[in-house]
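Below, each chain spelled out in residue letters.
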2 protein chains.
Amino acid sequence: MIKIQEIDPDRLEMAANMLKAIAHPMRIAILKHLEGGKKLTVTQIHELLGIEQSTTSHHLGILKDKGVLCSRREGKNTFYYLKHDVLSQVVDCLERCTCGE
Amino acid sequence: MIKIQEIDPDRLEMAANMLKAIAHPMRIAILKHLEGGKKLTVTQIHELLGIEQSTTSHHLGILKDKGVLCSRREGKNTFYYLKHDVLSQVVDCLERCTCGE
DNA sequence: ATTAAATATTTATATATTTGCATTTGTAAT
DNA sequence: ATTACAAATGCAAATATATAAATATTTAAT
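None of these values were measured; they are calculated from a predicted model.

So, the packing of helix α1 (residues 9–22) of chain A against helix α2 (residues 25–34) of chain A
All names here are of chain A. Their axes nearest at 7 Å, the elements α1 and α2 cross at an angle of 90°. Considering the angle they form, α1 stands roughly perpendicular to α2. Contacts between α1 and α2 pair Lys20, Ala21 and Ile22 from the former with Arg27, Ile28 and Leu31 from the latter. Looking at the contact of α1 with α2, its residues break down into four nonpolar, no polar and two charged.

A closer look at the sheet that holds strand β3 (residues 77–82) of chain B
Residue and element names in this part refer to chain B. A sheet is described by the order of its strands in space; here three strands give the open sequence β1-β3-β2, paired in antiparallel fashion. Every interior strand has two partners, whereas the edge strands, β1 (40–41) and β2 (69–74), have only one. Alignment of β2 against β3, held across six bridges, turns out to be antiparallel. Note that in β3 the partner of Arg72 across the bridge is Phe79. Sheet strands touched by helix α2 (residues 25–34): β1, β2 and β3. Its angle to β3, the strand with the most contacts, is close to 90°. Along the sheet, helix α4 (residues 53–65) makes contact with β2 and β3, crossing β2 at roughly 120°.

Some thoughts on α1 of chain A
Residue and element names in this part refer to chain A. Between its first and last C-alpha atoms α1 spans 20 Å; for 14 residues at 1.5 Å apiece the expected length is 20 Å, and the two agree. Along α1, the positions that sit buried rather than exposed are Leu12, Ala15, Ala16, Met18, Leu19, Ala21 and Ile22. One side-chain oxygen at the N-terminal end of α1 lies 3.0 Å from the backbone nitrogen of Asp10; it belongs to Asp8.

Quick notes on the protein's contact with DNA strand D
The immediate surroundings of DNA strand D are formed by 23 residues, with His59 of chain A together with Thr43, Gln53, Thr78 and Tyr80 of chain B found nearest. Among the atoms of DNA strand D lying within 4 Å of the protein, the sugar-phosphate backbone contributes 64%. For DNA strand D, a phosphate oxygen lies 3.0 Å from a polar atom in the side chain of His59 of chain A. Separating a sugar or linking oxygen of DNA strand D from a backbone N or O atom of Lys76 of chain B is a distance of 3.1 Å. For the surface near DNA strand D, the elements supplying multiple residues, two or more each, are α4 (53–65) of chain A together with α3 (42–49), α4 and β3 of chain B. The element best represented in the surface near DNA strand D is α4 of chain A, accounting for five residues.

Concerning the environment of Ile30 of chain A
By the element assignment, Ile30 of chain A lies in helix α2. Put simply, Ile30 of chain A and Gly50 of chain A are 20 residues apart on the chain and 12 Å apart in space, counted from C-alpha to C-alpha.

Quick notes on the sheet that holds strand β2 (residues 69–74) of chain A
Residue and element names in this part refer to chain A. One open sheet holds the three strands; their spatial order is β1-β3-β2, and the pairing between them is antiparallel. Each end of this open sheet is capped by a strand with a single partner; those strands are β1 (40–41) and β2. With two bridges connecting them, β1 and strand β3 (residues 77–82) associate as antiparallel partners. Paired with Thr41 across the bridge in β3 is Phe79. Contacts from α2 reach β1, β2 and β3 within the one sheet, and its direction differs from that of β3 by about 90°.

Some details on the relation of the copies chain B and chain A
Rotating chain B by 180° and translating it 0.1 Å along the rotation axis places it on chain A, where the RMSD comes to 0.1 Å. Such values leave the two copies arranged in the relation of a two-fold axis. Of the interface residues in chain B, 97% have counterparts in chain A that sit at the interface too, so the contact is made through matching surfaces.

What counts, and where the lines are drawn
- Residues numbered from 1 in each chain as written.
- Chains lettered and ligands numbered in written order.
- Predicted model: local features only at pLDDT ≥ 70, side-chain atom pairs only at ≥ 80, totals over all residues.
- Heavy atoms only, no water.
- Axes fitted to C-alpha atoms, helices over the stretch in contact; angles between N-to-C directions.
- Helix = DSSP H or I, 4+ residues; strand = E, 2+ residues; numbered from the N terminus.
- Parallel < 35°, antiparallel > 145°, perpendicular 65-115°, else oblique.
- Contact = heavy atoms within 4.5 Å.
- Nonpolar A, V, L, I, M, F, W, Y, C, P; charged D, E, K, R; others polar.
- Pairing = 2+ DSSP bridges.
- Expected span 1.5 Å × (residues − 1).
- Buried < 20%, exposed > 50% of the residue type's maximum accessible area, 1.4 Å probe, protein only.
- Polar contact = N/O pair within 3.5 Å; in protein donor to acceptor, adjacent residues only side chain to side chain.
- Near = heavy atom within 4 Å.
- Least-squares fit on C-alpha atoms with pLDDT ≥ 70 in both.

This is how it looks when you write it as C-alpha coordinates:
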(Lines give C-alpha, C1' and ligand atoms only; values in the text may rest on other atoms or scores of the structure.)
Protein backbone atom coordinates (compact mmCIF):
# COMPACT_ATOMS: atom_id res chain seq x y z
CA MET A 1 0.00 0.00 0.00
CA ILE A 2 1.66 3.21 -1.16
CA LYS A 3 0.67 6.60 0.19
CA ILE A 4 1.07 8.84 -2.84
CA GLN A 5 -1.12 11.65 -1.59
CA GLU A 6 1.02 13.89 0.52
CA ILE A 7 -1.27 16.72 -0.54
CA ASP A 8 0.73 18.64 -3.09
CA PRO A 9 -0.69 22.19 -3.37
CA ASP A 10 -0.39 22.16 -7.15
CA ARG A 11 -2.33 18.93 -7.56
CA LEU A 12 -4.86 20.29 -5.11
CA GLU A 13 -5.23 23.42 -7.20
CA MET A 14 -5.57 21.37 -10.38
CA ALA A 15 -8.21 19.10 -8.92
CA ALA A 16 -10.09 22.10 -7.59
CA ASN A 17 -10.01 23.78 -10.98
CA MET A 18 -11.30 20.67 -12.68
CA LEU A 19 -14.11 20.38 -10.16
CA LYS A 20 -14.88 24.07 -10.38
CA ALA A 21 -15.19 23.65 -14.12
CA ILE A 22 -17.74 20.89 -13.65
CA ALA A 23 -19.59 22.50 -10.75
CA HIS A 24 -22.17 24.44 -12.72
CA PRO A 25 -25.69 23.32 -13.66
CA MET A 26 -25.28 24.03 -17.35
CA ARG A 27 -21.88 22.43 -17.49
CA ILE A 28 -23.13 19.33 -15.73
CA ALA A 29 -25.94 19.20 -18.26
CA ILE A 30 -23.32 19.39 -21.02
CA LEU A 31 -21.40 16.48 -19.51
CA LYS A 32 -24.55 14.42 -19.29
CA HIS A 33 -25.19 14.96 -22.99
CA LEU A 34 -21.66 13.80 -23.77
CA GLU A 35 -21.79 10.59 -21.74
CA GLY A 36 -20.68 7.45 -23.48
CA GLY A 37 -18.20 9.07 -25.84
CA LYS A 38 -20.75 11.17 -27.70
CA LYS A 39 -19.47 14.16 -29.67
CA LEU A 40 -21.57 17.28 -30.13
CA THR A 41 -21.05 20.64 -31.80
CA VAL A 42 -21.40 24.02 -30.12
CA THR A 43 -24.63 24.67 -31.96
CA GLN A 44 -26.11 21.32 -31.01
CA ILE A 45 -25.34 21.94 -27.36
CA HIS A 46 -26.56 25.50 -27.52
CA GLU A 47 -29.87 24.27 -28.93
CA LEU A 48 -30.14 21.32 -26.56
CA LEU A 49 -29.66 23.53 -23.52
CA GLY A 50 -31.55 26.55 -24.82
CA ILE A 51 -28.83 29.02 -23.89
CA GLU A 52 -27.00 31.65 -25.95
CA GLN A 53 -24.36 30.57 -28.44
CA SER A 54 -21.69 32.72 -26.84
CA THR A 55 -22.56 31.47 -23.38
CA THR A 56 -22.34 27.91 -24.65
CA SER A 57 -18.97 28.56 -26.20
CA HIS A 58 -17.76 30.04 -22.94
CA HIS A 59 -18.83 27.03 -20.93
CA LEU A 60 -17.22 24.67 -23.41
CA GLY A 61 -14.06 26.73 -23.32
CA ILE A 62 -13.89 26.47 -19.54
CA LEU A 63 -14.44 22.71 -19.62
CA LYS A 64 -11.76 22.30 -22.25
CA ASP A 65 -9.32 24.62 -20.54
CA LYS A 66 -9.60 22.71 -17.28
CA GLY A 67 -9.05 19.35 -18.94
CA VAL A 68 -12.58 18.02 -18.79
CA LEU A 69 -13.34 18.11 -22.51
CA CYS A 70 -11.47 17.82 -25.78
CA SER A 71 -12.49 19.30 -29.09
CA ARG A 72 -11.92 18.51 -32.71
CA ARG A 73 -12.72 20.80 -35.58
CA GLU A 74 -14.33 19.32 -38.66
CA GLY A 75 -15.06 21.91 -41.28
CA LYS A 76 -17.21 24.65 -39.87
CA ASN A 77 -18.13 22.57 -36.85
CA THR A 78 -16.25 21.92 -33.67
CA PHE A 79 -17.12 18.75 -31.86
CA TYR A 80 -16.65 18.53 -28.11
CA TYR A 81 -16.32 15.31 -26.16
CA LEU A 82 -15.23 14.00 -22.76
CA LYS A 83 -11.50 13.64 -22.20
CA HIS A 84 -11.89 11.05 -19.45
CA ASP A 85 -15.12 9.11 -19.62
CA VAL A 86 -14.91 8.39 -15.89
CA LEU A 87 -15.88 12.00 -15.33
CA SER A 88 -19.47 11.30 -16.21
CA GLN A 89 -19.38 8.62 -13.53
CA VAL A 90 -18.25 11.25 -11.07
CA VAL A 91 -21.29 13.29 -11.89
CA ASP A 92 -23.58 10.28 -11.55
CA CYS A 93 -22.00 9.41 -8.22
CA LEU A 94 -22.54 12.91 -6.95
CA GLU A 95 -26.15 12.87 -8.07
CA ARG A 96 -26.71 9.66 -6.18
CA CYS A 97 -25.32 11.39 -3.10
CA THR A 98 -27.73 14.27 -3.51
CA CYS A 99 -30.56 11.76 -3.51
CA GLY A 100 -30.65 10.46 0.03
CA GLU A 101 -30.70 13.79 1.80
CA MET B 1 -31.33 -0.44 -19.16
CA ILE B 2 -33.33 2.38 -17.60
CA LYS B 3 -32.78 6.00 -18.50
CA ILE B 4 -33.34 7.79 -15.20
CA GLN B 5 -31.53 10.96 -16.12
CA GLU B 6 -33.97 13.20 -17.89
CA ILE B 7 -31.95 16.05 -16.43
CA ASP B 8 -34.12 17.55 -13.75
CA PRO B 9 -33.03 21.16 -13.15
CA ASP B 10 -33.34 20.77 -9.38
CA ARG B 11 -31.14 17.69 -9.22
CA LEU B 12 -28.73 19.48 -11.52
CA GLU B 13 -28.64 22.44 -9.17
CA MET B 14 -28.14 20.17 -6.17
CA ALA B 15 -25.30 18.26 -7.78
CA ALA B 16 -23.70 21.53 -8.84
CA ASN B 17 -23.91 22.89 -5.32
CA MET B 18 -22.34 19.79 -3.87
CA LEU B 19 -19.55 19.95 -6.43
CA LYS B 20 -19.08 23.66 -5.89
CA ALA B 21 -18.71 22.97 -2.19
CA ILE B 22 -15.91 20.51 -2.88
CA ALA B 23 -14.27 22.53 -5.64
CA HIS B 24 -11.79 24.49 -3.56
CA PRO B 25 -8.19 23.59 -2.74
CA MET B 26 -8.59 23.97 1.01
CA ARG B 27 -11.85 22.09 1.05
CA ILE B 28 -10.37 19.24 -0.96
CA ALA B 29 -7.52 19.16 1.53
CA ILE B 30 -10.09 18.92 4.32
CA LEU B 31 -11.79 15.98 2.62
CA LYS B 32 -8.47 14.21 2.23
CA HIS B 33 -7.84 14.54 5.94
CA LEU B 34 -11.23 13.03 6.67
CA GLU B 35 -10.87 10.00 4.42
CA GLY B 36 -11.67 6.65 5.94
CA GLY B 37 -14.24 7.86 8.43
CA LYS B 38 -11.85 10.04 10.42
CA LYS B 39 -13.35 12.76 12.61
CA LEU B 40 -11.51 16.01 13.29
CA THR B 41 -12.28 19.17 15.22
CA VAL B 42 -12.24 22.66 13.76
CA THR B 43 -9.06 23.47 15.64
CA GLN B 44 -7.31 20.33 14.43
CA ILE B 45 -8.18 21.14 10.84
CA HIS B 46 -7.25 24.77 11.25
CA GLU B 47 -3.84 23.71 12.53
CA LEU B 48 -3.35 20.98 9.94
CA LEU B 49 -4.06 23.37 7.08
CA GLY B 50 -2.43 26.43 8.59
CA ILE B 51 -5.35 28.73 7.90
CA GLU B 52 -7.40 31.00 10.18
CA GLN B 53 -9.89 29.51 12.58
CA SER B 54 -12.75 31.53 11.16
CA THR B 55 -11.82 30.65 7.61
CA THR B 56 -11.71 27.01 8.58
CA SER B 57 -15.11 27.24 10.20
CA HIS B 58 -16.47 28.91 7.09
CA HIS B 59 -15.21 26.14 4.84
CA LEU B 60 -16.58 23.48 7.14
CA GLY B 61 -19.91 25.26 7.22
CA ILE B 62 -20.09 25.26 3.44
CA LEU B 63 -19.25 21.57 3.24
CA LYS B 64 -21.84 20.76 5.88
CA ASP B 65 -24.49 22.97 4.35
CA LYS B 66 -24.10 21.32 0.96
CA GLY B 67 -24.36 17.84 2.39
CA VAL B 68 -20.73 16.82 2.11
CA LEU B 69 -19.91 16.70 5.81
CA CYS B 70 -21.68 16.03 9.09
CA SER B 71 -20.73 17.35 12.49
CA ARG B 72 -21.17 16.25 16.07
CA ARG B 73 -20.48 18.38 19.10
CA GLU B 74 -18.70 16.83 22.04
CA GLY B 75 -18.11 19.29 24.85
CA LYS B 76 -16.22 22.27 23.59
CA ASN B 77 -15.21 20.51 20.40
CA THR B 78 -17.12 19.94 17.21
CA PHE B 79 -16.03 16.98 15.17
CA TYR B 80 -16.53 16.99 11.43
CA TYR B 81 -16.65 13.89 9.24
CA LEU B 82 -17.68 12.76 5.76
CA LYS B 83 -21.37 12.13 5.21
CA HIS B 84 -20.81 9.78 2.27
CA ASP B 85 -17.45 8.06 2.28
CA VAL B 86 -17.65 7.61 -1.50
CA LEU B 87 -16.95 11.31 -1.80
CA SER B 88 -13.31 10.80 -0.99
CA GLN B 89 -13.21 8.36 -3.89
CA VAL B 90 -14.56 11.10 -6.10
CA VAL B 91 -11.70 13.32 -5.09
CA ASP B 92 -9.16 10.57 -5.70
CA CYS B 93 -10.69 9.89 -9.09
CA LEU B 94 -10.43 13.54 -10.00
CA GLU B 95 -6.83 13.69 -8.90
CA ARG B 96 -6.03 10.72 -11.06
CA CYS B 97 -7.59 12.60 -13.98
CA THR B 98 -5.43 15.64 -13.32
CA CYS B 99 -2.37 13.43 -13.62
CA GLY B 100 -2.21 12.47 -17.28
CA GLU B 101 -2.44 15.95 -18.72
C1' DA C 1 -13.68 38.02 -53.67
C1' DT C 2 -18.32 37.85 -51.47
C1' DT C 3 -21.29 35.76 -48.70
C1' DA C 4 -22.99 32.78 -45.13
C1' DA C 5 -22.63 29.60 -41.32
C1' DA C 6 -20.24 28.06 -37.05
C1' DT C 7 -17.44 29.27 -33.44
C1' DA C 8 -14.69 32.29 -30.56
C1' DT C 9 -13.60 36.65 -28.36
C1' DT C 10 -14.29 41.12 -26.34
C1' DT C 11 -16.59 43.86 -23.29
C1' DA C 12 -19.68 45.33 -19.69
C1' DT C 13 -22.63 44.41 -15.90
C1' DA C 14 -24.43 41.71 -12.33
C1' DT C 15 -23.61 38.43 -9.01
C1' DA C 16 -21.06 35.28 -6.02
C1' DT C 17 -16.98 33.74 -3.44
C1' DT C 18 -12.98 34.10 -0.51
C1' DT C 19 -10.61 35.78 3.35
C1' DG C 20 -9.55 37.68 7.82
C1' DC C 21 -10.73 40.63 11.56
C1' DA C 22 -13.68 41.50 15.28
C1' DT C 23 -17.35 39.85 17.75
C1' DT C 24 -20.45 36.57 19.65
C1' DT C 25 -22.09 32.27 21.21
C1' DG C 26 -21.56 27.82 23.45
C1' DT C 27 -19.40 24.85 26.89
C1' DA C 28 -16.58 23.53 30.80
C1' DA C 29 -13.75 24.52 34.74
C1' DT C 30 -12.70 27.26 38.89
C1' DA D 1 -20.18 34.54 38.25
C1' DT D 2 -15.76 34.76 36.13
C1' DT D 3 -12.57 32.98 33.21
C1' DA D 4 -10.93 30.33 29.37
C1' DC D 5 -11.18 27.73 25.35
C1' DA D 6 -13.68 26.20 21.00
C1' DA D 7 -16.53 27.33 17.39
C1' DA D 8 -19.66 30.24 14.74
C1' DT D 9 -21.21 34.63 12.83
C1' DG D 10 -21.34 39.44 10.81
C1' DC D 11 -19.00 42.33 8.11
C1' DA D 12 -16.11 44.43 4.49
C1' DA D 13 -12.67 44.39 0.76
C1' DA D 14 -10.60 41.89 -2.79
C1' DT D 15 -11.23 38.73 -6.22
C1' DA D 16 -13.57 35.63 -9.32
C1' DT D 17 -17.47 34.07 -12.08
C1' DA D 18 -21.70 34.27 -15.09
C1' DT D 19 -24.28 36.14 -18.71
C1' DA D 20 -25.39 38.33 -22.96
C1' DA D 21 -24.84 41.64 -26.60
C1' DA D 22 -21.80 42.94 -30.14
C1' DT D 23 -17.93 41.90 -32.75
C1' DA D 24 -14.34 39.11 -34.80
C1' DT D 25 -12.47 34.91 -36.66
C1' DT D 26 -12.54 30.67 -39.24
C1' DT D 27 -14.10 27.77 -42.86
C1' DA D 28 -16.81 26.46 -46.93
C1' DA D 29 -19.53 27.49 -50.83
C1' DT D 30 -20.60 30.32 -54.82
